[in-house]
Each structure stands twice: as C-alpha cells, then as structure tokens.
Amino acid sequence: MTSDADSIKIPGAPASEPPSFDEPSEARGPLPSKPDQSGPATFTPTGVATTAPQDAVAQQGERLTTAQGLPLRDTDHSLKAGRRGPVLLQDHHLREKITHFDHERIPERVVHARGAAAHGRFEANGEAEPYTRAAFLKAGAVTETFVRFSTVLGSRGSADTVRDTRGFATKFYTSEGVYDLVGNNIPVFFIQDAIKFPDIIHAGKPHPDREIPQAQSAHDTFWDFVSLHTEAQHHTIWNMSDRGIPRSYRMMQGFGIHTFRLVNEEGATTLVKFHWRPRLGTHAVTWEEAQLIAGKDPDFHRRDLADAIEAGAHPQWDFGIQVLPDTEDQTFHGIDLLDPTKIVPEELAPVRIVGTMTLDRNPSNYFAETEQVAFHPGHLVPGIDVTSDPLLQGRLFSYLDTQISRLGGPNFAQLPINRPHAEINDMLRDGMHQTAVHSGVAPYHPNSLDGGCPFPAMVAGGDAFVDVPQPIGGEATGDIVTREQPASFDDHFSQARLFYRSLMPVEQLHIRQAYAFELGKVYEQAIKERQLQCLANIDGELCAFVADQLGLPVPAASEEVPEVEPSPALRMVTAERWPADGRQVGIIVDDETDAAAVASVQEALHAAGATPLVIAPHGGKLGELTVQRSFHTATSVELDAVVVLAPVVDPRVLELLREAFRHDKAIGFAGDAAALLADAAIAPTAPGIVTGEPAAVTAGVLELLPSHRVWEREEV
Ligand code: HDE
C-alpha cells in the first residue's frame, strides 16, 4: 500500500524516488468501537436512572472524523512533498488537529486549581423543613450532586498531601435550579472582608521572583501576612493542626463557613451554619507521611477517592445545620455571626442532620467535568439566602467573574456539568460559545409577540426566589457609607485559643510541631518574632515550645485574651470507632507463605470492608496468589495497617515496617514473622503490635483499624 504522498509531484523535483529505507508506513485501521456511545448514566431527582442530555455525547459512530464529521483515512502521517520532503500547509487535518491541541488547556483556577470530583446523590430527611422551603431539603427528596474537592494554593500539577485548607464544593442539581455550597474543610477563613482576598492569596502563592515554594505555606510571605493581619490566626491554627493534612477526601468534614439565611414557607427566617460530616470520621495522615506521599504518590487523594468509588465503597456525608436565631444584632452568645473567622461551638448550637449525600460515580472525563465545573455561592434556590458577611458579599461578585475568564464567556452554564436539571427559560442570548438554538423573537419581558413568555412567578404562579427584605448596615451605621467594620471583628485570638485548648494532647503536639516546622522555614527574623507574639496571645505553652525550636526568646502576651470554655466537638482524636471502608492493609508474604493462610486473611479483611494488598518479593503471581505490590513498589504510606505473614529480612520490608510503626499504624506479625520485630527495632509489647496465628493477628489488626491510629505510641 502506498500513501497519498506518493501521488504528489512537485515541479522541479527529481523524477526518480530517493533511495527507499523502508516500505512507506500504513494508516492504522479503526480501533474497536466503544460498546456504548451514550452519555453517562445519571439519577433524576426522583432517583430514577436516566442518561445525560444527548448533546453531552462526544463521540458517535465507528469512523474517525475531523471536527466537521469528515471521515479520515490516515491520522498518523502529515501531508508531505514527497516521502522525505517538507510538510504542506494545505494539510487541513494536521492543522485542525494541532490547533485544537494548542488550545487544549484553559486557565487553571487562580485558587483551588488542583482538585478531584465525584457524582452522587443527596437525600433529605425533612428535618430542615421548619426552617426552609428549599425543595431539595423536603423529606424524601433525592437530588443529584457533583462534588469537587481541592487544595487551595497549589497549581494543577501539585501534590495532594501538602499542608493546606481543602475545598469542598457541592453542586446540587435541584428541581428549582442549581444550588452551590462552595465550602472548605475548615470552618473559618483567613480574612473577614473579601477585599483582602487577593492579598492573602498573593502571600500564600509562590514568591513572585523565583516562583517557589509550590503549594506550601512554609515561607516568608505567608507568615508575613498572617502575622500582620492577625484575624488570620484562627484559620492558621486549623491549618497547622492535622486538619491541614487529611488522610482522604472521604474523611474530611465540610463547612459552609459563612452564616446563611434560611426562609420557610411562611417567610420566617433563621440563620444557619452548614456542616458536612463524613460517615468514615475525620482523619489525617502524619506530617512525615504527608511529605513522603508528596513524592511517592502525589495523586494520593485523587486516587483514593476514585479507587474507593470504583470498589463500591461509596463515601457518605451527613449534612447538618446549626440553627441560630435571626436577631437584629446577628450575634449568638456574643459571637458575631457575620464574622467568618468565628465558629459557633457545637456545644452552644448542636448540628442537626437534615440529609445524607452519597458519592457513587466517578467522572468519566476529568476535563469536561472536574475542570469545567463552575461553582458560585450566588447559585441559590428559594428558601436559602445570603447574609451581609463581607467575605460572602465579595464572593458573590468574584465567582461569576472568574468563570467568565476561565471558561471563556458567559455561557458556561450550558456546559454539560454545569447545566441545571431544572427547566431553563432565561432571556440571556448569544455570547461566546452559545450552544443553545433559541427560538422566538422576543427575549424581553413583558412582550406581546412570543405569547408573553417567559412569565415571572408573580404572573405564572409557583415558588420563586425572593430576596429577604433586610435593614441595611444595622442601626448604628445604616445611614452612612463606610469602610469600617464592627468592633466585634477585632477579637482575633479568643477562638484560636478555643481551638487549641479544646484538642487532645496528641493533636496539640502536632500543632506545636507544625508551627515549629513552618516557621523554621522562614528566613526573616522579624516575621518569626511577630508570629511568636501571636502565639503568646493564643497559648503560652504553645508559644514556648515553638520559640524553643526556633531558638528565640519567648515573648509575653500583648493582649488580654478572654478565657474560653473548651469545645470537645472540635477534636479529631476521640474514642469513636469508624468503618474500615476502603482502608488498605498490606499482607507481606514470601515464596514459602501458605496460599490458604493468605486467602483467609484477605477474606477477613474484605469482610470488614478493607482492601487487602498482597506484597511479595516480585510482581505477577506467587503460586495461585495474585501479587498487588512487590517489595520494590510497596510503600508504607499507602497502607493503613500491615499483616506480616513471613519472616522476610529484606531491607525494603524492614523500612516499611519501621515507617508504619512510626506513623502509628497497627501491625500484626503472624507465627515466625514475629522474628522481624527485633530486625525492625519494634518492641513486641509496643501498643498496636499484634502477634499470634494468622487469624488472630488479622482479627487483632481489624480491632485496631476503626480507631484510625495507635495514638498511645506518640510521646506527648
Ligand atoms: Fe473561593 N474562589 N474565594 N473561597 N473557593 C474560587 O472560583 C474567592 C472563599 C472555594 O472546586 C475561585 O471557580 C474570593 C471561602 C472553593 O471549583 C474564585 C474569596 C471559601 C473553591 C474564588 C473566596 C472558598 C473556590 C477560583 C474571598 C470557603 C473551588 C476558581 C471573598 C467557604 C471551587 C473558581 C471548585 C474557588 C474567589 C473565599 C471556597 C477566584 C474572592 C471563604 C471550595 O472565584
């Protein structure tokens, strides 16, 4: 077979062919067609499976075509002036293919660039009905959702396990339009006013001269900002806690942060704080693990979420509200509800569960779904409204603006992932990337040409979004334009103290170590000293530890910070036991290990919901046994616990065991594998070490797994 290029004759070209090295290469045949060309299955609000709208389908038929549908014979060879000649400008397929490729990237999000997402469903239990008329919160309502988790500071290619806040953004495709709850895994924010957002982000992002460090807060500009803008101290101490290094997206709480306003059928209003509670508990990796994972598996959280969903371990979160009275001063027990650097302790206002979300389907295309999803706190539904929190007010402007620049125009709501599942009848027309073919001649209201349609709810009837009438600015400042903020916003330390003093000793230890590490990376002496001053205002013992690590004197507190009543609800380390769903347990074997013993360990782990990984001297098979990791590819940091079935004196295995021990993981040594304890320098009597026969060892490890870590190993 000859290629098309053979028939091209260039005037003046030598008549004879150049010496042939090879036969000309052939066009590839078509790949087998996809078994199913339909859009991804989704759920309707009633829970009935359906398919995404037809125009979400990207590829049809078997044949390779251009974007215009022209069938192609060859996509592997450019059109050339002779087999060894230059490529011709007339190759329209080459130009279309390369031009499209050149434009494959869109601007990454300025913050929250790195993310992972999943589809799911939300089911309401009706407990919110007294407070809101939102249809998706009515008893039994089932609503499709799409959730995107993210880190804040890093670029799209940065590591998942860096110390940072995590985004937790949920899109509810409700029967009344899209509702977006764009939250984080930490219940407070760095700043009180949106006008400072560019400043805190400039400070957190890499330094503008060298563009380092990537995805880190351990650098001068970050600590410069938070020590100067002391309102950031509360969020910063949460970042320094283990909340800043989650074990998994599946094991994170989520918070709406701002106070929102609910409106019920009668028009009565209530202030609320939104909470997501993971059914798997809230857990973290250790700081050393976080750093190791950033090198060994930078996609750790992304992989964990996708693997768990694919394996059928569908993560669930209960959705809750703290119900707060909508009083004129908008405070609760002295806490200013418009200040996003403050929490309301759950001991003062319990979280009432109003529904549950299950994530049960991975995206089928990262770009189309996870990258192009566009959240906006202004995507509201009847029954949920905003408050005058100055941070939220700025966000109401920012998100629409960012989507226009990121997604190239005002029609981003037409992208399949952003498209409402409710009817749309807007009067928005034209613009970049318009994909709707609007009919009618009168996109204005009222009109007498298109039958008057569309009709506002006051004409058509039915529920609609109605802004809650609110006094502006409060009594004192209602009649003047001002850049002032309430005096209550000046308390920057009491809740940072509340957080620190509420935690368990091991959690406090990790906070002290995190500050020592991060400030240890700061070059400017004045910044370290200023931050120590802030720590002195939060807690003397915390400040003394960090000062000692930095080799600096301990400053005295500069402010009178009120004493606080601890809030045990803030702890991650509790006596509670959590499901082992999707937890990975390594089983270390060698060529001699009895396959039946391995099978029974695997079975027991599977039965508990955990994922066993057989770790052997080499990959492939070990007799009948399928090996998941070799000693070469296995790493302690992807395991939540280890069962050792063979006395393997391999340095890589011994290192794995030492690390697992250091990271407070349960380890079981079956039979003569216990000989490894001495080689790995682990005391047989250390907490969380189980020895005995394989069945008993597995049972012992499974008994420890629901506590997440063997905390007793840490010397506090
Ligand atoms: Fe965002 N934020 N933000 N933010 N934010 C964005 O929107 C912004 C804030 C949050 O997975 C951007 O689409 C301003 C608080 C999440 O797609 C941008 C302010 C909270 C995500 C933006 C804040 C968040 C974003 C960047 C201060 C927790 C990722 C790309 C007033 C309640 C959503 C984009 C996703 C993303 C602006 C503060 C959460 C630029 C101006 C507070 C989870 O519009």
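Note on numbering: residues in each chain are counted from 1, in written sequence order. This being a predicted model, a pLDDT of at least 70 is required before a residue's local features are given, and a value of 80 or more before pairs of side-chain atoms are given or counted; all residues contribute to the totals for chains, interfaces and linings.

The name an unreviewed UniProt entry gives the chain is Catalase, with Gryllotalpicola koreensis as the organism. The annotation that UniProt attaches to the chain under Sequence similarities (unreviewed entry) is "Belongs to the catalase family. HPII subfamily." UniProt positions are given in the numbering used here, feature names are shortened, and annotations may be inferred rather than shown by experiment. UniProt annotates the chain under Catalytic activity (unreviewed entry) with the comment "2 H2O2 = O2 + 2 H2O".

Secondary structure elements follow DSSP: runs of H or I of four or more residues count as helices, runs of E of two or more count as strands, with numbering from the N terminus. Within the chain, the secondary structure is distributed over 18 helices and 22 strands. When we talk radius of gyration, it's over C-alpha atoms, and the globule rule is simply 2.2 Å times the number of residues to the 0.38. Against the globule reference of 27 Å for 716 residues, the chain gives a C-alpha radius of gyration of 29 Å, in line with a compact fold. On the principal axes, the C-alpha backbone points of the chain span a range of 90 × 85 × 55 Å. Buried positions account for 40% of the 716 residues belonging to the chain. By the convention adopted here, residues make contact when the C-beta atoms placed from their backbones lie within 7 Å. Across the chain, every contact between residues at least 6 apart in sequence was considered, and the portion connecting residues at least 24 apart equals 71%. Counting other C-beta atoms within 10 Å of each residue's C-beta, where C-beta atoms are placed from the backbone, gives the exposure class: buried for 20 or more, exposed for 12 or fewer, partly exposed between.

For each residue, a C-beta position is placed from the backbone atoms; the residue is near a molecule or strand when that point lies within 6 Å of it. In the vicinity of the ligand, 25 residues are found, and the nearest of them are Arg109, His112, Gly167, Ala194 and Ser398. Looking at the shell around the ligand, the elements that each hand over two or more residues are strand 4 (142–151), strand 5 (166–174), strand 6 (177–184) and helix 8 (390–406). Among the elements that make up the shell around the ligand, the one with the highest residue count is helix 8 (7 residues). Note that Gly is not counted as nonpolar here; it falls among the polar residues with everything else outside the nonpolar set of Ala, Val, Leu, Ile, Met, Phe, Trp, Tyr, Cys and Pro and the charged set of Asp, Glu, Lys and Arg. A breakdown of the residues in the shell around the ligand according to their chemical character gives 12 nonpolar, 10 polar and 3 charged.

Let us look at helix 3 (residues 220–228). Buried residues of helix 3: Phe222, Trp223, Phe225, Val226 and Ser227, and no others. Looking at the buried positions of helix 3, the neighbouring elements they touch are helix 2 (197–204), helix 4 (233–240), helix 12 (505–520) and helix 13 (525–538).

The positions that UniProt labels "domain: Catalase core" (unreviewed entry) are, in the present scheme, residues 65–453. Spanning residues 65–453, this segment combines 21% helix with 21% strand, and its end C-alpha atoms are found 40 Å apart.

Let us look at the packing of helix 2 against helix 3. One can describe the packing of helix 2 onto helix 3 by two numbers: an axis separation of 7 Å at closest approach and a directional angle of 145°. Contact with helix 2, carried on its side by Asp199, Ile200, Ala203 and Gly204, involves Thr221, Phe222, Asp224 and Phe225 of helix 3 and no other residues of that element. Among the residues making up the contact of helix 2 with helix 3, the classes are represented as 4 nonpolar, 2 polar and 2 charged. Lines fitted to C-alpha atoms define the axes, with helix axes restricted to the stretch in contact, and inter-axis angles between N-to-C directions lie between 0 and 180 degrees.

The end-to-end C-alpha distance of helix 15 (residues 595–607), which contains 13 residues, comes to 18 Å, matching closely the 18 Å that a straight helix rising 1.5 Å per residue would cover. Of all the positions in helix 15, only Val598, Val601, Gln602 and Leu605 are classed as buried. With its buried residues spanning 100° around the axis, helix 15 presents them on a single face. When the buried face of helix 15 is taken as reference, the exposed residues oriented beyond 90 degrees from it are Ala596, Glu603 and Ala607. Each element contacted by the buried residues of helix 15 is listed here: strand 15 (584–588), strand 16 (611–616), strand 18 (625–626), strand 20 (641–644) and helix 18 (694–704). The first or second residue beyond helix 15 is Gly609, which carries a positive phi of 95°. Here the expected span of a helix is defined as 1.5 Å times the quantity of residues minus one. The directions from the helix axis to the C-beta atoms are what the arc is built from.

Of the consecutive residues His445 and Pro446, the connecting peptide bond is found in the cis state with omega at -5°. Position of Pro446 relative to the elements: it lies in the loop between helix 8 and helix 9 (457–460). Cis geometry is adopted by the peptide bond preceding Pro454, which originates at Cys453 and carries an omega value of 0°. With respect to the helices and strands, Pro454 occurs in the loop between helix 8 and helix 9.

Each domain of the chain was delimited in the assignment, giving domain 1 (115–414), domain 2 (490–570) and domain 3 (584–713). Distance between the C-alpha centres of domain 1 and domain 3: 36 Å. The interface of domain 1 with domain 3 comprises 11 residues on the first partner and 9 residues on the second. Taken together, the residues of the side of domain 1 that touches domain 3 break down into 4 nonpolar, 3 polar and 4 charged. Each domain's extent is set by a domain assignment, obtained either automatically or from a database.

Within the largest apolar cluster, 100 residues are counted, with the highest numbers of intra-cluster contacts made by Phe136, Leu535 and Val546. Considering each element in turn, this core owes the most residues, 6 residues, to helix 13. Taken domain by domain, this core gets at least three of its residues from each of domain 1 (115–414) and domain 2 (490–570). The contacts of Val546, once residues within four sequence positions are left out, are Arg512, Tyr515, Ala516, Leu519, Leu532 and Leu535. The term nonpolar core refers to a set of buried Ala, Val, Leu, Ile, Met, Phe, Trp, Tyr and Cys residues connected through C-beta atoms within 7 Å.

Moving on, we get to the environment of Gln508. Residue placement: Gln508 occurs in helix 12. For Gln508, a count of 19 C-beta atoms within 10 Å corresponds to the partly exposed category. Between the C-alpha atom of Gln508 and that of Trp223, which follows or precedes it by 285 residues, the distance is 20 Å. Aside from chain neighbours lying at most four places away, what touches Gln508 is Tyr500 and Leu503.

Turning our eyes to something else, we now look at the sheet that holds strand 16. Two strands are said to pair when DSSP picks up at least two bridges between them. If you walk across this open sheet you meet the 6 strands as 19-16-15-20-21-22, and the pairing is parallel. Single-partner strands in this sheet number two, and they are strand 19 (629–630) and strand 22 (689–692). Of the pairings in the sheet, the one linking strand 15 to strand 20 comprises 4 bridges and is parallel in character. Residue pairing across strands places Ile588 opposite Val644, the latter belonging to strand 20. Contacting strand 15, strand 20 and strand 21 (666–670), helix 16 (residues 651–662) runs over the sheet at an angle of about 135° to strand 21. Where helix 18 meets the sheet, it contacts strand 15, strand 20, strand 21 and strand 22, and its direction lies at approximately 175° from that of strand 21.

It is worth spelling out the pairing of strand 20 at this point. Burial of the side chains of strand 20 extends over both faces: Ala641 and Val643 are buried on one face and Val642 and Val644 on the other. As judged from the 4 bridges shared by strand 20 and strand 21, these two strands associate in the parallel manner. By the bridge assignment for strand 21, Ala641 is matched with Ala666. When the strands point away from the viewer and the connection leading from the first strand across the helix to the second strand turns clockwise, the crossover is called right-handed. Between the parallel pair strand 20 and strand 21, the chain is carried across by helix 16, and the sense of this crossover is right-handed.

Two numbers describe a pair of packed helices, the interaxial angle and the distance between the axes. The interhelical angle for the contact between helix 4 and helix 11 (residues 494–502), taken along N-to-C directions, is 20°, at an axis separation of 8 Å. Our classification of the angle between helix 4 and helix 11 gives roughly parallel. Helix-helix and strand crossings are classified by hand; for helix 4 and helix 11 the assignment is right-handed. Facing helix 4, whose interface residues are Gln233, His234, Ile237 and Trp238, helix 11 presents Gln495, Ala496, Phe499 and Tyr500. Partitioning the contact of helix 4 with helix 11 into residue classes produces 5 nonpolar, 3 polar and no charged. We call two directions roughly parallel when the angle between them is under 35 degrees, roughly antiparallel when it is over 145, roughly perpendicular when it lies between 65 and 115, and oblique otherwise. By convention the crossing between two helices is left-handed if the near helix lies anticlockwise of the far one by an angle smaller than a right angle, and right-handed if it lies clockwise.

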